[in-house]
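Okay, here's what each chain looks like letter by letter:
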Amino acid sequence: MFLVQYTADNTRTLNVDSAAMTLPVSDPAAWATAMNNLGMAPLGIAGQPILPDFDPALGMMTGIPPITPMMPGLGIVPPPIPPDMPVAKEIIHCKSCTLFPPNPNLPPPATRERPPGCKTVFVGGLPENGTEQIIVEVFEQCGEIIAIRKSKKNFCHIRFAEEYMVDKALYLSGYRIRLGSSTDKKDTGRLHVDFAQARDDLYEWECKQRMLAREERHRRRMEEERMRPPSPPPVVHYSDHECSIVAEKLKDDSKFSEAVQTLLTWIERGEVNRRSANHFYSMIQSANSHVRRLVNEKATHEKEMEEAKEKFKQALSGILIQFEQIVAVYHSASKQKAWDHFTKAQRKNISVWCKQAEEIRNIHNDELMGIRREEEMEMSDDEIEEATETKETEESALVSQAEALKEENDSLRWQLDAYRNEVELLKQEQGKAHREDDPNKEQQLKLLQQALQGMQQHLLKVQEEYKKKEAELDRIKDDNLQVEQLLENFHEKQENCGSRLCASSQEGEQPLEKTAVSNPVKSEREALLVGIISTFLHVHPFGASIEYICSYLNRLDNKASYQIPSKLTTSPLLPISTSDVESLMSRLQHTFRQEMTGVGASLEKRWKFCGFEGLKLT
């Protein structure tokens, strides 16, 4: 049995159990002679300590924990050997031979790449007189041997029962074997143990891998089945009882989704026929009434969102006021009468705090100003497009009313069709009953006549409602025609105003052509811009920014109804840059005036119309 020991210079030695492999202590000279013949110094003799720190009572070096045996054969699995640590091996004694270790200073023997599932080793360098019994005697200490294939050329293949036994066999690579005590060449040899490729090993390894893959697939399948959500319950078949239940569920908001899914499945299955058409129509009508609740829910959510925006704006303004107060405290502390009493470190901290507070204040101020600008832009868009948008909303309202009336007419027609189908079914049943000569025929006829009379009255009411709806549609069409006429008149007036402005600008330019150097308006295009900008600023008495004016001019170019007539100019007004508009307005000092509004970060330049004041001065 082998024992692994670590020496003081971090070398690992493999000792053989004294019970199995001990040399007679009576002749230590023979031991030294054998080692000298092999060209090696004696490593140790039984009965003498190998190293100064070796404890014979414990059988190992002091200060190292004992190694527990784990497997038969070698007795233990040696721990992994670091690549930079030399290994010192000892002599192994068997019944018929002796194994002498290699020189520890030599490099380890080379091995090929390990095949997958390798259980077979190649053993070369056997003595010529070596038999299969000697091979078994040497390698059975590594583990159970399944088969040995010996060749006539001093090598063999050994197949073990487990893969870890191959590692134990590789440990013997490099040992010199000597049969008995003879040093003849036929009785000696150097063992070379290496991995060997075997079809049986590869086949067993592949089988094992397939088995592991099957187990993994089974485990994953079981995991997927465990994690898969349960299947939805099957939809019940259509019947009058189930139809009434689904109709009640459609009216309940909490059960609406389930009921709609059932209704959809029934319709796709083809459960709709002449008898069940009315029931399905009533269920579809219930689903349609659910739209109103959804619209109301959306409106409430939008209202909540607007309230949340308003709260955020108020909270942000409150935070900004507090930041202003804090910055005012820092500025007052930085004044001479208070600043001289602080130490240098305190002044540094106050200045840093003031800078941080100002930066945060500016960020919040920019955010609040951005929100206000968005609101102003929305309000200005509403003011500019008020006339057109009111007309568009009126038109859209009329169109929506017309569509609603059409839907009601369609629903009334469907009801008429359903009643006609019921009348036909009643007639068919009446004919069947007439053929069968039922004794209660007179009573059935009376009931049918009463039903027909009720149907006729209902049909008359429906027709009257239909005529009323048609009259409402006619009125709506007349209103649409009037609205279109008003729009055309409005467009014509705007075109006349534009032509008048162009004519006035042309008349104003004629006497000034002689003095072209002093004329601030250089072309008809600029004259048109002056007229449009004057009209725009006259509507905005508190002034407007240059970006706002340019956005208004760009919007006029995008709308076909507000374009400049082709008779007055050959090129479109736009695109117009802010620099061109600003230079034109700065040239006309008696018509336009620039003013500064706001304080601090909210400072803004606004242009105002002062043409009437210029007339008074002239």
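Cut-offs applied
- Residues numbered from 1 in each chain as written.
- Predicted model: local features only at pLDDT ≥ 70, side-chain atom pairs only at ≥ 80, totals over all residues.
- Heavy atoms only, no water.
- Axes fitted to C-alpha atoms, helices over the stretch in contact; angles between N-to-C directions.
- Helix = DSSP H or I, 4+ residues; strand = E, 2+ residues; numbered from the N terminus.
- Parallel < 35°, antiparallel > 145°, perpendicular 65-115°, else oblique.
- Left-handed = near helix turned anticlockwise from the far one by under 90°.
- Contact = heavy atoms within 4.5 Å.
- Nonpolar A, V, L, I, M, F, W, Y, C, P; charged D, E, K, R; others polar.
- UniProt positions renumbered as here; feature names shortened; annotations may be inferred.
- Core = buried A, V, L, I, M, F, W, Y, C linked by side-chain atoms within 4.5 Å.
- Buried < 20%, exposed > 50% of the residue type's maximum accessible area, 1.4 Å probe, protein only.
- Pairing = 2+ DSSP bridges.
- pLDDT = per-residue confidence, 0-100.
- Salt bridge = Lys/Arg side-chain N within 4 Å of Asp/Glu carboxyl O.
- Patch = residues over 30% accessible without salt bridge, like charges linked within 9 Å, V, L, I, M, F, W, Y side chains within 5 Å.
- Areas by Shrake-Rupley, 256 points an atom, 1.4 Å probe, with all protein chains shown as cover.
- Arc of directions from axis to C-beta.
- Phe/Tyr/Trp six-rings, centres within 6.5 Å; stacked < 30°, edge-to-face > 60°.

1. Describing the packing of helix H5 (residues 240-250) against helix H6 (residues 256-269)
- Two elements in contact, H5 and H6, have axes separated by 8 Å at closest approach and are oriented at 135°. Considering their axes alone, H5 and H6 lie oblique with respect to each other. As H5 packs across H6, the resulting crossing turns out to be left-handed. Between H5 and H6, the residues in contact are Glu242, Cys243, Val246, Lys249 and Leu250 and Phe256, Glu258, Ala259, Val260, Thr262, Leu263 and Trp266, respectively.
- Residue classes in the contact of H5 with H6 are distributed as eight nonpolar, one polar and three charged.

2. Section: the UniProt feature "coiled-coil region" (unreviewed entry) in the chain
- Here the UniProt-annotated "coiled-coil region" (unreviewed entry) positions come out as residues 284-318 and 377-496.
- Summarising residues 284-318: 100% helix, 0% strand, and an end-to-end C-alpha distance of 52 Å.

3. What to know about the nonpolar core
- Among the nonpolar cores identified, the biggest contains 30 residues, and Val121, Val123, Val138, Phe139, Ile158 and Phe160 are the most heavily contacted of them.
- If you list the elements that add at least two residues to this core, you get strand S7 (97-100), strand S8 (120-124), helix H2 (132-139), strand S10 (155-160), helix H3 (164-170), strand S11 (176-179) and strand S13 (192-195).
- Once residues lying within four places of it in the same chain are set aside, the contact partners of Phe139 are Val123, Ile145, Ile158, Phe160, Ala169, Leu172 and Val193.
- In this structure, Tyr548, Ile549, Leu553 and Leu588 belong to the second largest nonpolar core, which totals 23 residues.

4. Brief notes about the sheet that holds strand S6 (residues 92-93)
- Across the sheet, which stays open at both edges, the four strands sit in the order S6-S7-S11-S12 with antiparallel pairing between neighbours. Each having just a single partner strand, S6 and strand S12 (188-190) make up the two edges of the open sheet.
- Direction of pairing for S11 relative to S12: antiparallel, over a ladder of three bridges. If you follow Ile177 over to S12, its bridge partner there is Gly189.

5. A few points about the sheet that holds S10
- Strand order across the open sheet formed by four strands is S9-S10-S8-S13, with antiparallel pairing between neighbours. For this open sheet the edge positions go to strand S9 (145-150) and S13, each flanked by a neighbour on one side alone. Between one strand and the next, the sheet's axes are offset by a mean angle of 20°, whatever the strand orientation.
- In the packing of H2 onto the sheet, contacts are made with S8, S9, S10 and S13, and the angle to S9 comes to roughly 140°.

6. Brief notes about the confidence of the model for the chain
- Confidence along the chain averages 76 in pLDDT terms, with 73% of residues attaining 70 or more.
- Per-residue pLDDT stays below 50 along residues 1-27; that stretch engages in 67 contacts with residues further than four places along the chain or on separate chains.

7. Structural notes on the pattern of salt bridges
- Here the structure, examined in full by the defined rule, presents 15 salt bridges.
- With its nearest N and O atoms 2.8 Å apart, the salt bridge here joins Asp167 to Arg114. Of the two residues, Asp167 is situated in helix H3 and Arg114 in the loop between S7 and S8; the sequence distance between them amounts to 53 residues.
- For Asp167, a relative accessible area of 40% translates into the label partly exposed.

8. Thoughts on the side chain of His290
- As for its placement among the helices and strands, His290 is situated in helix H7 (residues 277-333).
- Classification of His290 by relative accessible area gives buried; the value is 7%.
- Residues contacting His290, with those up to four places away along its chain left out, are Asp253 and Phe256.

9. Section: a nonpolar patch on the surface
- Side chains of Ile267, Val272 and Ile284 sit close together on the surface and give an oily, nonpolar patch of about 230 Å² of accessible area.
- With respect to the secondary-structure elements, Val272 resides in the loop between H6 and H7.
- For Val272, a relative accessible area of 42% corresponds to the partly exposed category.

10. Notes on the environment of Met585
- Inspection of the secondary structure assignment puts Met585 in helix H14 (residues 578-587).
- Here the alpha-carbon distance between Met585 and Val530, two residues 55 residues apart in the chain, equals 7.9 Å.

11. Considering H14
- Inspection of H14 places Val581, Leu584 and Met585 among the buried residues, and these make up the whole buried set. Taken down its axis, H14 places every buried residue within 95° of arc, on the same side.

12. Observations regarding the packing of aromatic side chains
- Tallied over the full model, the rule gives seven aromatic pairs.
- Between Phe122 and Phe155 the ring centres are 5.5 Å apart and the planes differ by 40°, which places this aromatic pair in the tilted class. Here the residue Phe122 occupies a position in strand S8, and Phe155 occupies one in strand S10, the gap between them amounting to 33 residues.
- Relative to Phe609, the ring of Phe592 lies with its centre 6.3 Å away and its plane at 65°, an arrangement referred to as edge-to-face. Residue Phe592 is located in strand S14 (residues 592-597), and its partner Phe609 is located in strand S15 (residues 604-609); the two are separated by 17 residues in the primary sequence.
- Look at Phe592 and you get buried, because its relative accessible area is 3%.
- Phe609 sits in the partly exposed class, given a relative accessible area of 24%.
- Put simply, the rings of Tyr238, Trp266 and Phe280 pair up and form one aromatic cluster.

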